[in-house]
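In case you want the letters, here they are:
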Amino acid sequence: MTLFVGLGNPGSQYENTRHNIGFKVIDKLVDDLGARDISKTSFQGKLYRSANSLFLKPTTFMNLSGKSLQTVKNFFKIELENIIVIHDDIDLPFGAVRFKKGGGHGGHNGLRSIDSHITKEYLRVRVGVGKPEHKSQVSDYVLHEFNDEEKKVLQRLIEHVVKACKALLQEELNEVRSKYSLKSIEGLNV
């Protein structure tokens, strides 16, 4: 069984923020695959299933994402190598996509929470959302919506990440890396 986890914050005020790119990818995967809702209160998140894949959107808020993930991991006895976390990454330009196994959290509080609950040895799908000019603006930046230029290509970016996630079910990580890593969305002028 493979568990895809999209990071984000619950609530309509966060729905279209940069921090919620993981939720958007999970929503598209669930829709594309016709996954059914199998959520339980104890999971502390929205959980969907399609065949041998689970899709989780923790509703604990970003800083506590690891609690929800650990509960689902333990309930379904999922191995670390079958966990794929999709998250925003300010260290990548908007539209970049990278794949990484293990490593540090880079200041991302959702990853920090997950690392403390299940260790660092899971696969990450890092989706670039760009970076604010000053480090003091990071929190405000990720909790705001994409700008108008980014919104024009956001759906293309989400669809690309969804294709990569589907490929991870059938192909080796290195193959997916070579096919789906992006420096940016082609033709993007932001």
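In this report, the structure presented in the accompanying data block is examined.

What counts, and where the lines are drawn
Residues numbered from 1 in each chain as written. Predicted model: local features only at pLDDT ≥ 70, side-chain atom pairs only at ≥ 80, totals over all residues. Heavy atoms only, no water. Helix = DSSP H or I, 4+ residues; strand = E, 2+ residues; numbered from the N terminus. Buried < 20%, exposed > 50% of the residue type's maximum accessible area, 1.4 Å probe, protein only. Contact = heavy atoms within 4.5 Å. Polar contact = N/O pair within 3.5 Å; in protein donor to acceptor, adjacent residues only side chain to side chain. Pairing = 2+ DSSP bridges. Axes fitted to C-alpha atoms, helices over the stretch in contact; angles between N-to-C directions. Core = buried A, V, L, I, M, F, W, Y, C linked by side-chain atoms within 4.5 Å. 1 Å grid on protein atoms, 1.4 Å probe; cavity = no way out; pocket = protein on both sides within 12 Å on 5 of 7 lines; lining within 4 Å. Points joined across faces, edges and corners; volume = space filled by probe spheres on them. Nonpolar A, V, L, I, M, F, W, Y, C, P; charged D, E, K, R; others polar. Expected span 1.5 Å × (residues − 1).

Moving on, we come to the environment of Arg 177. Topologically, Arg 177 is positioned in helix α6 (residues 173-180). We classify Arg 177 as partly exposed; its relative accessible area is 29%. Between the C-alpha atoms of Arg 177 and Lys 100, which are 77 residues apart in sequence, the distance is 9.0 Å. Those residues within four positions of Arg 177 in sequence are excluded, and the remaining contacts are Phe 99, Lys 100 and Lys 101. A polar contact is formed between the side chain of Arg 177 and the side chain of Asn 174, at a distance of 3.0 Å.

Once that is clear, we can look at the sheet that holds strand β5 (residues 83-89). Sheet architecture is open: 7 strands sit in the order β2-β3-β4-β1-β5-β7-β6, paired in mixed fashion. What marks the edges here is a single partner per strand, and that holds for β2 (36-37) and β6 (97-101). α6 contacts β6 and β7 (123-128) of the sheet and is inclined by roughly 160° relative to β6.

Another point: the nonpolar core. By size, the foremost hydrophobic cluster in this structure holds 36 residues, and its most contacted members are Val 25, Phe 55, Ile 86, Val 125, Leu 157 and Val 161. Mapped by element, the contributors of at least two residues to this core are α1 (21-33), β5, β6, β7, α4 (138-142), α5 (148-168) and α6. Membership of the second largest hydrophobic core comes to 17 residues, among which are Leu 47, Leu 56, Leu 69 and Ile 118.

Quick look at the side chain of Thr 60 now. Of note, Thr 60 is situated in the loop between β4 (53-58) and α2 (65-76). Relative accessible area serves as the criterion here: at 10%, Thr 60 is assigned to the buried category. Here the side chain of Thr 60 touches Leu 64 through a polar contact of 3.0 Å, landing on its backbone oxygen. At 3.5 Å, the side chain of Thr 60 and the backbone nitrogen of Ser 65 are in polar contact.

Quick look at the layout of surface pockets now. A volume near 590 Å³ is recorded for the largest pocket. In terms of lining residues, the largest pocket is bounded by 28 residues, among which Ile 90, Gly 106, Gly 107, His 108 and Val 138 are the most central. Every element with two or more residues in the lining of the largest pocket is listed here: β5, α3 (109-118), β7 and α4. Of the residues assigned to the lining of the largest pocket, the class counts are 7 nonpolar, 12 polar and 9 charged. Taken as a whole, the second largest pocket holds about 210 Å³ of empty space. Together, Thr 2, Glu 81, Asn 82, Ile 84, Lys 101, Leu 123, Leu 168, Leu 169, Glu 171, Glu 172 and Leu 173 line the second largest pocket.

The next point concerns the side chain of Ser 113. With respect to the helices, strands and loops of the structure, Ser 113 is situated in helix α3. Among residues more than four places away in sequence, those in contact with Ser 113 are Met 62, Asn 63, Leu 64, Ser 65, Gly 66 and Lys 67.

Bringing α5 into the picture now. Its 21 residues place the ends of α5 31 Å apart at the C-alpha level, agreeing with the 30 Å of an ideal helix rising 1.5 Å per residue. Every buried residue of α5 is listed here: Glu 150, Val 153, Leu 154, Leu 157, Ile 158, His 160, Val 161, Val 162, Ala 164, Cys 165, Ala 167 and Leu 168. Looking at where α5 begins, the residue whose side-chain oxygen comes 3.0 Å from the main-chain nitrogen of Glu 149 is Asn 147.

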